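# An overview of the molecular structure
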Amino acid sequence: MIKFSQLPNKIKTVLKALENQLQGAKTLLILLHNNPDPDAIASGFALAALADSLCGVAATIAYNGILGRAENRAMVSLLDIPLVKTSSIRYSGYDRIAMVDTQPGQGNNPLPAGMHTHIVFDHHASSANIDADLVVYNSKLGATATLLCELLMAAKVDIKINLATAIAYAIRSETQELRREANKRDIQAYLAVYPLCSLPKMGAITNPTLLNSYFQELAIALNRACKFRHLIFIPLGYVDAPEIIAEMSDLFLRRERTSWALAVGNIQDSMYLSLRTNKKNARAFRVIQRIVGDNENAGGHNQFAGGKIDLEKADASDMMLLEEDVRTRFAAVLGIKNANWKPLIEKL
Ligand SMILES: [Mn+2]
């Protein structure tokens, strides 16, 4: 295993190691995390371009789950990003397997147990040793797309307009306009691809048409959100796609006098959790792991993190009980016992 965490000092060495990995391969499968976000999508798109231009390797970018967020769907369609569902591929048909914006051993990607990963690009907090031949990893970066962008530039790949737009949108979305965990390298990568972007497409991705269900879920969030001191808890009940949960925790964190927001929503027998804080270095990934009680199904970054709790044959009342329990653990993990939760909005 070669592990590189010190880019860009070793950027040429990483390019060489990537070429070595792809040597002799004709096909590469690039796996994104489930319900991929713009950072995962752009990182996959960038790695496909890099593999093609370095070694002439044809890449397939695959994901599991749903592309639920309107912005993400607009990104994929306007930028012609060739994504396929993992249900339509045969893993054994690929010479190499890469993962971007996730790692082997994490519960948020579709890699079947026992299957080997050759290449990993990621920036998520990692407790264990990442099991792959080439690991390009830096948890201090705001976006995985930044790593790929640096490599594309070092390899002097011609970054086409749609790829440039994807990378720029990924960096700005993942760092919330370069203010959340964006470091100098994220800003440099963003500025480097910005002149190559389609700004009208960027505008269209940022302001997409919203489905009626978005307003429905927003109404539920407003109706059910509750607060205690600097905490907000937003239980959404059953949702169509998990991204709305992250969207709501981002939105509610913007309320005055708030420093932590936890949104939860159910899909079938699972509850998805999305945690946000505006405190720097708050180790949100640890907080969510303690709420979920599981390191494999929870993780993320200092200021934003996610997790999942799986039940068996749960009905709506089981989910309500779990909501209550999660809300209590949320406060308890942050050192508050017997929180007296109140509705966020007074009855209209
Ligand atoms: Mn990411």
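From a predicted model like this one, the values you see are computed outputs, not experimental measurements.

Cut-offs applied
Residues numbered from 1 in each chain as written. Predicted model: local features only at pLDDT ≥ 70, side-chain atom pairs only at ≥ 80, totals over all residues. Pairing = 2+ DSSP bridges. Helix = DSSP H or I, 4+ residues; strand = E, 2+ residues; numbered from the N terminus. Axes fitted to C-alpha atoms, helices over the stretch in contact; angles between N-to-C directions. Contact = placed C-beta atoms within 7 Å. Parallel < 35°, antiparallel > 145°, perpendicular 65-115°, else oblique. Left-handed = near helix turned anticlockwise from the far one by under 90°.

## Structural notes on the sheet that holds strand β2 (residues 27-31)
Within the open sheet, the seven strands sit side by side as β1-β7-β6-β5-β2-β3-β4. Their pairing is parallel. Single-partner strands in this sheet number two, and they are β1 (2-4) and β4 (83-85). Neighbour-to-neighbour, the strand axes of the sheet open up by a mean angle of 20°, direction not taken into account. Bridging between β1 and strand β7 (residues 134-137) involves three bridges; their strand directions are parallel. Bridge pairing in β7 places lysine 3 opposite valine 135. Across the sheet, helix α4 (residues 144-154) is in contact with β5 (96-100), β6 (119-122) and β7; its angle to β6 comes to roughly 115°.

## Describing the packing of helix α2 (residues 38-55) against helix α5 (residues 161-174)
It is at 8 Å that the axes of α2 and α5 come closest, and there the two elements cross at 150°. Here α5 runs roughly antiparallel to α2, going by the angle between their axes. As α2 runs across α5, the sense of the crossing is left-handed. From α2, Pro38, Asp39, Ile41, Ala42, Phe45, Ala46 and Ala49 reach across to α5, where they touch Leu163, Ala166, Ile167, Tyr169, Ala170, Ser173 and Glu174.

## Side note on the environment of alanine 339
Considering the arrangement of structural elements, one finds alanine 339 in the loop between α11 (316-333) and β14 (342-343). In this view, alanine 339 contacts Phe228 and Ala331; residues no more than four positions away in its chain are not counted.

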